[in-house]
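Architecture and fold: a report
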Amino acid sequence: MVEELETRKCILTGEVRKKSDLLRFALLPNGDLIPDFNKKFKGKGIYVSNSKSLLDKAFKTVKIGKILHCNVNPCQNLSELVEKILAAKGLEALNLARKSGNLIFGFEKVKESILKGKTAFVVEATDAGADGKKKMSALCANLEKIVIYDSKTLERAFNRDTVIHLAVLKSEISSMVYNNLKKYENYLNG
């Protein structure tokens, strides 16, 4: 996979970062500011660091219009909307992995996949039990474990009962799934 080297400047911090580390918004001609992660809207594209806390602060304290030298109308609850979009994109990516046969469910099957060296990374529910977390952490000594969705969210996303541990298998799709999940995780923790 070719690494994205194109950079942009965060309008809030002034930092120059890889586009993949930023969130893109479209400033529409009427002054509305909306998330535009797929570059589908006409208007000026602006970039903001991928951080919920920064976005929360920015639109409460910083006058975006002053920075951009125009009237700006951010949509209501912008940070919550961005969170919902990123969460949905992560779940969609996991579902693509499932449809392509590259997602394993259940502790024992995940364990087997890890021991056979087939796992790219593991997803664990935020509300997993302490014993399961401990055992999975021991198994994932050389693998990354992503913990961003609760079990109810995972159960609804896959229409299954009791979804706690998932393994994304090494495949062509695994890096796309990983990037979507990490973007969401970084947003929450940023």
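Predicted model, so just to flag it, every value in this text is computed and none were measured.

What counts as what
- Residues numbered from 1 in each chain as written.
- Predicted model: local features only at pLDDT ≥ 70, side-chain atom pairs only at ≥ 80, totals over all residues.
- Heavy atoms only, no water.
- Pairing = 2+ DSSP bridges.
- Helix = DSSP H or I, 4+ residues; strand = E, 2+ residues; numbered from the N terminus.
- Contact = heavy atoms within 4.5 Å.
- Axes fitted to C-alpha atoms, helices over the stretch in contact; angles between N-to-C directions.
- Phe/Tyr/Trp six-rings, centres within 6.5 Å; stacked < 30°, edge-to-face > 60°.
- Buried < 20%, exposed > 50% of the residue type's maximum accessible area, 1.4 Å probe, protein only.
- Lys NZ or Arg CZ within 6 Å of the ring centre and 35° of its normal.
- pLDDT = per-residue confidence, 0-100.

The next subject is the sheet that holds strand 3 (residues 22–27). If you walk across this open sheet you meet the four strands as 5-3-4-6, and the pairing is mixed. For this open sheet the edge positions go to strand 5 (44–49) and strand 6 (73–74), each flanked by a neighbour on one side alone. Sitting on the sheet, helix 3 (residues 78–99) touches strand 3, strand 4 (32–35) and strand 6, and the angle it makes with strand 4 is about 25 degrees.

What follows is about the packing of aromatic side chains. All told, the structure shown has four aromatic pairs when counted by the stated rule. Ring centres of Phe 25 and Phe 37 lie 6.2 Å apart, and the angle between their planes is 75 degrees; on these two criteria the pair is classed as edge-to-face. Here Phe 25 is found in strand 3, whereas its partner Phe 37 is found in the loop between strand 4 and strand 5, with twelve residues between them in sequence. When its relative accessible area of 0% is taken as the criterion, Phe 25 is described as buried. The partly exposed category is assigned to Phe 37, whose relative accessible area is 22%. Directly above the aromatic system of Phe 105 lies the positively charged group of Arg 160, at a separation of 3.9 Å from the ring centroid.

With 95% of its residues at a pLDDT of 70 or more, the chain has an overall mean of 90. Looking across the chain, the model is least confident in helix 2 (residues 64–68), with a mean pLDDT of 74, and most confident in strand 10 (residues 165–169), with 98.

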